[in-house]
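Next come the chains, spelled out residue by residue.
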Amino acid sequence: RLPVVELGRRARVQAHGRWQGGLLTLSQLQLRTADASLQGRLSARPAERTGEGRLRLLAPGLDAQAEGRLAPRQGGGSLALDAASLERATAWLATLPGMPAGLPPQLAGQARLDARWQGGWTDPTLQARLQVPRLAAVDRATPPEAAWTLRDAGASLEGRLAQARLQAEGVAVQGVRRLRARLAGTGGQLGGGGQGRLRPARAETPGRRDAGAPRRG
């Protein structure tokens, strides 16, 4: 059993585990602060770059869970991240020790990510979906009528990482202006020679026919 470690007044860590034959096993891991907690279990062989575990993070505006196995050529698992309040979540992240000033940017809205992977981490098969009902930057210097808000946005990524298919869409709103954008592409690795196409944003103004819409009659 590993000892309880007090990290000042802000954090408390407790772990049960052992290190033997190149294998680190943490059968119980708990990290608690005044407003957040991380708990789960882990095992890893650092020399072989393999591991498995299950973790859950509860923090202001944020609930994240991950479970799976990682190895160069085999593995699998899932990740679920629910940011019910991006404003609270980004404000909390900004208070973490070592976080650079100005990061992360202060945001408002909601987002949810659900992802699964199968296979080794060198080129796994992915299935991921991101949903963003609302996203806005918190900038008190910008008048409300001049601020942009992203609404009803979503993105999906499917397939082997090197050739994954990406689809994304959303609506940007500023006052009465609306810009709808759709993006589709392939090739998930940077510099991997992926190809993609971007469909131009389409302007929509209430009470005015979209210039790109077909005319009837």
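Notes on the structure follow.

The rules we used
Residues numbered from 1 in each chain as written. Predicted model: local features only at pLDDT ≥ 70, side-chain atom pairs only at ≥ 80, totals over all residues. Heavy atoms only, no water. Helix = DSSP H or I, 4+ residues; strand = E, 2+ residues; numbered from the N terminus. Buried < 20%, exposed > 50% of the residue type's maximum accessible area, 1.4 Å probe, protein only. Contact = heavy atoms within 4.5 Å. Core = buried A, V, L, I, M, F, W, Y, C linked by side-chain atoms within 4.5 Å. Pairing = 2+ DSSP bridges.

Regarding the overall build of the chain
And step 1. The secondary structure content of the chain amounts to 1 helix and 13 strands.
And step 2. Going from the N terminus to the C terminus, the chain shows its helices and strands as β-β-β-β-β-β-β-α-β-β-β-β-β-β.
And step 3. The burial tally for the chain puts 24% of its 217 residues in the buried class.
And step 4. Pairs at least 24 apart in sequence give 34% of the contacts found in the chain among residues at least 6 apart.

Some remarks on the nonpolar core
And step 1. Formed by Ala 36, Ala 59, Leu 62, Ala 83, Leu 86, Ala 89, Trp 92, Ala 111, Val 132 and Ala 153, the largest nonpolar core amounts to 10 residues.
And step 2. Here Trp 92 is in contact with Asp 35, Ala 36, Leu 57, Ala 59 and Pro 60, once residues within four sequence places are set aside.

What about the pairing of strand 9 (residues 125–137)?
And step 1. As defined by bridge partners, strand 8 (residues 107–118) adjoins strand 9 across 11 bridges and the pair is classed as antiparallel. The residue bridging Asp 114 from the neighbouring strand is Arg 129, located in strand 9.
And step 2. The antiparallel pairing of strand 8 with strand 9 creates a hairpin that spans 6 residues between the two strands, and Gly 119 there sits at a positive phi of about 105°.
And step 3. Pairing of strand 9 with strand 10 (residues 149–160) involves 11 bridges; the strand directions are antiparallel. Residue pairing for strand 10: Arg 129 is matched across the bridge by Ser 156.

Describing the pairing of strand 6 (residues 62–70)
And step 1. When strand 5 (residues 50–59) meets strand 6, the two strands line up antiparallel, connected through 9 bridges. Bridged to Gly 53 within strand 6 is Gly 68.
And step 2. Taken together, strand 5 and the strand that follows it, strand 6, pair antiparallel across an intervening segment of 2 residues, in which Gly 61 is found at a positive phi of about 75°.
And step 3. Here strand 6 runs beside strand 7 (residues 76–83); their pairing, made up of 7 bridges, is antiparallel. Bridge pairing links Asp 63 to Asp 82 in strand 7.
And step 4. In sequence, strand 6 turns back onto strand 7 through a hairpin of 5 residues, with Gly 75 there showing a positive phi of about 155°.

Structural notes on unusual backbone geometry
And step 1. Cis peptide bonds are those with omega within 30 degrees of zero, and the linkage from Leu 103 to Pro 104 qualifies with -10°.
And step 2. Counting through the fold element by element, Pro 104 comes out in the loop between helix 1 (86–93) and strand 8.
And step 3. Not every positive phi belongs to a glycine, and Arg 49 is a case in point at roughly 55°.
And step 4. The class of Arg 49 is exposed, set by a relative accessible area of 56%.
And step 5. Not every positive phi belongs to a glycine, and Asp 152 is a case in point at roughly 50°.
And step 6. With respect to the helices, strands and loops of the structure, Asp 152 is situated in strand 10.

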